[in-house]
Amino acid sequence: MNPEKEILLNEALDRVCAIGWGLEPDDLLQNYFAEHLMIVGTTADELFFDLDGLRTLIRRQKDQSAGLELHFSRTPVYRNYCADDNVAVFVEHVAVKIKTGTETIILGIRSSAVMEYISGKWKLVHWHASKPEMVQSDSDTFGIDDWKKKTDALEKLVAERTADLVIKNRELEIETSLEKVRSRTMAMHHSSELKEIIRVLYQQLIYIGMPVEHAGFIIDYKSGDTMKLWIADHYKIPSKITIPYFDSPHWNSFLTARETGANFFANHLDFDEKNRFYTKLFTFFPELPAEANEYYFTCPGLAISTVLLENIGVYIENFSGIPYTDEENATLMRFGNVFQQAYTRFLDLGKAEAQAREARIENALEKVRSRTMGMQHSNELADASFVLDSQVRALGIETWGCAFNIYGENDSTEWFSSERGTLPAYKTPRENLFLRYYEAGQTGAPIHVETFKGEECITHYEYLCTIPVMGDALRGMLAAGGSFPTQQTDHAIYFKYGYLLFITLDPAPESYDIFIRFAKVFEQTYTRFLDLQKAEAQTRESQIQLALERVRARTMAMQNSNELIEAANVMFQQVAILTGDVSWNYGFNIWDDDKQWATSWNGTKIGIAEAFRTPSNQDVYKRIYDALQKGETLYIEEIGGQELTEHYQYIDSLPIAGQILRDFQKAGIALPSYQIFHVAFFTQGYLMFITYEQVPALHDIFKRFAVVFEQTYTRFLDLQKAEAQALKAQQDVTEIKQARQKAENALYDLQAAQKQLIQSEKMASLGELTAGIAHEIQNPLNFVNNFSDVSKELIDEMKTELANGNTTIAIEIADDLIQNLEKIHHHGKRADSIVKGMLQHSQSSKGQKTPTDINTLADEYLRLAYHGLRAKDKNFNATLQTDFDSTIGNINVISQDIGRVLLNLITNALYVVEEKRKSGIGNYNPTVSISTRKTNNTVEIEVSDNGNGIPKAIIDKIFQPFFTTKPTGQGTGLGLSLSYDIVKAHGGELKVKTEEGNRSTFIIQIPVS
């Protein structure tokens, strides 16, 4: 063995002895003792296989040697190296000098140790110590004689004193162990410390000499079909497990005890029964270490003792299969009672922990709530996501990052943060995992979980690197030396507007409820944020509308085209109020007609400067012109550095513009080194707003003010036009007045002529009636004359009869005379009515409607018109047809006006059939018909003829004033026009249907009121 390695070996052996004898702290055990080892002490129960057992032995010896002075001296006996110098064997004599007050005792111990070189360190793997008997091997190898002597000498003393001391010592050991369990329990601050408490209990049971190889707590055993266990033994088995029910002796005994209320039960399983039990049991623990699995299946048997207390149980096991004694079970019960107290404290702590946990959760929720409630813009969701991730991690949930995903119409916007920082907002397309997460949310599920491992996780991040913004950030993280997880779990927690995304490296089902609570809090605050946004948007819209209205009002108040600059100033002032004065320069530009040049007015806070001209094919103005040609409504260009310097050099070269720049500089307005053009087009030109920074929120405002300024400039053009027209009007005012006077005179003459023509038309129609009226009057006059002559003769006869005394005959003659007088009166009334009708026709209407029998009126004017035409032409003859609806009764009309209409239509009908007859058509029978009928609330009067009809070319003109088809001198052209107006005045319609060459029908429709 090389010297350095041997030095390390000797140093390690010295430290092993010092720690093992209690001369150095046992905290250093793991540095010099192997994890799996064998320790054989000087007493029967000192056999240990792990560091915990060794630690128990060391501490017990220190307790037992309290108040004593111990000195150790070592004498090497044997040393050997093997296995390529990686294993060393030592045998030594150890003399222990024990000083108790005035007495000194020297104890001889034979020690053997095996050291193994493990991972660059020497560690002890086996240590055996024994006390040799003080006998001569040549005469009494086993020391039987000496032993007998000693036994005889001490037997009596032992018999007297040991019994009491053993009992007291045993009780003291148990109480000491119980106190250690009790004190550790009382020091518990977290429920997870039950793992340590069961191990302390396990160690103390071993310490007091109970044959325990496995111990456990049964938690909340009184309900359910599972056993919830905290366990300890010297194998690497899980410390907290849950076992479902399965048919086995131990489970069945447990259920029976639970049902009967028994506080103790025991089971003893032989080798085969034990292995059947473990075969079923270990199916629930596939990750049990192979070493433990082999041990359990090869041990001889299984003995289990279980005590059941108020709400917990304690059990112990040994694998020799030897049942525990009543004394050991009683001791177990005492430990159970101590643990019951411990568990009560555990429950109190659990409740306190739950309350504290809830307080921390509420505090975290409140911080997220406060941050989101304070949001003024959706961009702040990035910072809110950082607060969310920080608070989740503050609750002990290890996240790789958190995000808000807010749904859009076809994609989503996501804000992501982690302890590494915050990403700018980015869009997530409705595809791949984002589509899966979206569709899962549409099902109504509150949470969707996906885990990515190995190649799947690599593919996942390869896809994320293709997403704009996110991909840049991920690639930047790799470039900075970072790496992607090889496994992660995404938790999408849904709320009304999208989902929260919590990314953990391992599944976190215990955190689902917390995640959901964060989502609910965010939904509430985000809803309020949206409401605030809506209210702010409405307020903002009101402010914009008010600003626009002020510009409109100033525009409408313009009385002179010179007020354009003032109106423009009002507009730019309103823009500055709305935008926070982000524009360092603004202006409006008006195109020439061919748009090759524009006139520009530019301004700053000090006002609008003198106009100057800009070409459309140079500098930025060419790009503006190109944007116009593309149909853009808003053109934006960022410019800075040398390019901006050259731009202002070009402006300086333009007439007037250069002086404006110098005036700006004199006023203390420095030219920027970076700026953004915002050009909003309108019909006649464009507005220009120049800002120092990007202002996407103002783009819509710029466009809306361009629309308003278009109205302003249109008003300006109208005023210019109106001013020119006003000037021309002032120059022509005399001519206009003269022309107006001439027009008024002509109108007066026209009105007079119109009155004469209307009266002439009336008299012409009266003339048409004269012959007919004469014919109609002649009949009643003939009756009057005839009955007068007859009456004269009857009077003479009556005188003769009276003279002769024939009174009876005279009375009969008188009755005949009365009848004649009645007939004379009737025909006289008839003549009177004809004359009155003629007078009414010739007079102006008073416009009063009276109940009129429309059938009688139509029949009378048919006969008057017919006889009037026959009086002029004895050869004229026509067939007259009537079809009157007797149900019509009287209707309210102005009878003389409707009579004029009927006379005009009938006269025209008689005229056209006579003209057709005169044309020489063979077998032609002139026919004029008139009919009436009532439909719903309308009375219709139809006047039809079988003349030549009305040509299509003139049918639209027949109701126009002064239009006539009669020869000159035979018609005024006012008949149908007046008839149309009369029917309209009655609320009716005058229509015509015609068939050229065959017939015409005029229809009068009058509403019945």
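For the structure, check the block above.
Quick caveat: nothing in here was measured; it's all calculated off a predicted structure. (Residues numbered from 1 in each chain as written. Predicted model: local features only at pLDDT ≥ 70, side-chain atom pairs only at ≥ 80, totals over all residues. Heavy atoms only, no water.)

Caption draft 1: Fine view of the packing of aromatic side chains. Under the definition given, this model contains 42 aromatic pairs. Ring geometry for Tyr-407 and Tyr-438: centres 5.0 Å apart, planes at 75 degrees, overall edge-to-face. Linking Tyr-407 in strand β13 (residues 399-407) with Tyr-438 in helix α12 (residues 432-442), this pair joins segments that are 31 residues apart in sequence. What makes Tyr-407 partly exposed here is its relative accessible area of 22%. According to the relative accessible area criterion, Tyr-438 is partly exposed, its value standing at 23%. Aromatic side chains Phe-572 and Phe-689 sit 6.0 Å apart centroid to centroid with 70 degrees between the ring planes, which places their arrangement in the edge-to-face category. Here Phe-689 lies in strand β26 (residues 685-691) and Phe-572 lies in helix α16 (residues 564-579), a separation of 117 residues in the sequence. By relative accessible area, Phe-689 is classed as buried at 1%. In this structure an aromatic cluster arises from ring pairing among Phe-246, Phe-277, Tyr-278, Phe-282, Phe-284, Tyr-295, Tyr-296, Phe-297 and Phe-319. A cation over an aromatic ring shows up here: Lys-5 above the ring of Tyr-117, its NZ or CZ 4.3 Å from the ring centre. (Phe/Tyr/Trp six-rings, centres within 6.5 Å; stacked < 30°, edge-to-face > 60°. Helix = DSSP H or I, 4+ residues; strand = E, 2+ residues; numbered from the N terminus. Buried < 20%, exposed > 50% of the residue type's maximum accessible area, 1.4 Å probe, protein only. Lys NZ or Arg CZ within 6 Å of the ring centre and 35° of its normal.)

Caption draft 2: Representation of a negative patch on the surface. A cluster of acidic residues, Asp-789, Glu-793, Asp-796 and Glu-797, forms a negative patch on the protein surface. In this fold, Glu-793 is placed in helix α21 (residues 733-803). (Patch = residues over 30% accessible without salt bridge, like charges linked within 9 Å, V, L, I, M, F, W, Y side chains within 5 Å. Areas by Shrake-Rupley, 256 points an atom, 1.4 Å probe, with all protein chains shown as cover. Salt bridge = Lys/Arg side-chain N within 4 Å of Asp/Glu carboxyl O. Lys, Arg positive; Asp, Glu negative; His and termini not counted. Charge placed at Lys NZ, Arg CZ, Asp CG, Glu CD.)

Caption draft 3: Region of interest: a nonpolar patch on the surface. Together, Met-38, Leu-47 and Phe-49 make up an exposed nonpolar region whose accessible area comes to about 250 Å². Examined against the element boundaries, Phe-49 turns out to sit in strand β2 (residues 47-50). Judged by relative accessible area, Phe-49 falls into the partly exposed class, the value being 39%.

Caption draft 4: Representation of the sheet that holds strand β3 (residues 69-82) within the structure. Strand order in the open sheet formed by six strands is β2-β1-β6-β5-β4-β3, with mixed pairing between adjacent strands. Only two strands of the sheet have a single partner each, and these edge strands are β2 and β3. Ignoring which end each strand starts from, the neighbouring axes of this sheet average 20 degrees apart. Examined bridge by bridge, β3 and strand β4 (residues 87-100) share 13 bridges and lie antiparallel to one another. By the bridge assignment, Arg-74 is partnered in β4 with Val-94. Sitting on the sheet, helix α1 (residues 3-20) touches β1 (33-40), β3, β4, β5 (103-118) and β6 (121-130), and the angle it makes with β6 is about 45 degrees. (Pairing = 2+ DSSP bridges. Axes fitted to C-alpha atoms, helices over the stretch in contact; angles between N-to-C directions. Contact = heavy atoms within 4.5 Å.)

Caption draft 5: The arrangement of the sheet that holds strand β7 (residues 214-219) in detail. With antiparallel pairing, the six strands of this open sheet are ordered in space as β9-β8-β7-β12-β11-β10. Because the sheet does not close on itself, it has two edges, and the strands there are β9 (240-244) and β10 (264-269). Sheet twist, expressed as the mean angle between neighbouring strand axes with direction ignored, is 25 degrees. Strand direction decides the pairing type here: β7 and strand β8 (residues 226-233), joined by six bridges, are antiparallel. Bridging across to β8, His-214 finds its partner in Asp-233.

Caption draft 6: View of unusual backbone geometry. Even without a glycine there, the phi angle at Lys-595 is positive, about 60 degrees. The backbone of Asn-923 shows a phi angle near 55 degrees, a positive value even though the residue is not glycine. As for its placement among the helices and strands, Asn-923 is situated in the loop between α24 (895-918) and β30 (927-935).

Caption draft 7: Structural context of the nonpolar core. The biggest cluster of nonpolar side chains holds 38 residues, and the ones touching the most others in it are Ile-898, Leu-902, Leu-905, Ile-906, Ile-930 and Ile-1004. Counting only elements with at least two residues in this core, the list comes to α23 (854-872), β29 (890-893), α24, β30, β31 (938-945), α25 (975-985), β32 (989-995) and β33 (999-1007). Per-element tally for this core: the top contributor is α24, with nine residues. (Core = buried A, V, L, I, M, F, W, Y, C linked by side-chain atoms within 4.5 Å.)

Caption draft 8: Up close: helix α14 (residues 470-479). Inspection of α14 places Met-470, Gly-471, Leu-474 and Met-477 among the buried residues, and these make up the whole buried set. Take α14 and look down its axis: the buried residues cluster within an arc of 125 degrees, on one side only. Residues Asp-472 and Ala-479 are exposed on α14 and point more than 90 degrees away from its buried face. In this structure, the buried residues of α14 make contact with β13, β14 (411-418), β16 (426-429), α12 and α13 (454-464). (Arc of directions from axis to C-beta.)

Caption draft 9: Structural view of the pairing of strand β19 (residues 498-504). Among the seven residues of β19, seven are classified as buried, and the element is accordingly described as predominantly covered. Bridge count for β13 against β19 is seven bridges, and the pairing is antiparallel. Bridging from a neighbouring strand, Asn-405 pairs with Tyr-499 of β19. When strand β18 (residues 487-495) meets β19, the two strands line up antiparallel, connected through seven bridges. If you follow Tyr-494 over to β19, its bridge partner there is Tyr-499.

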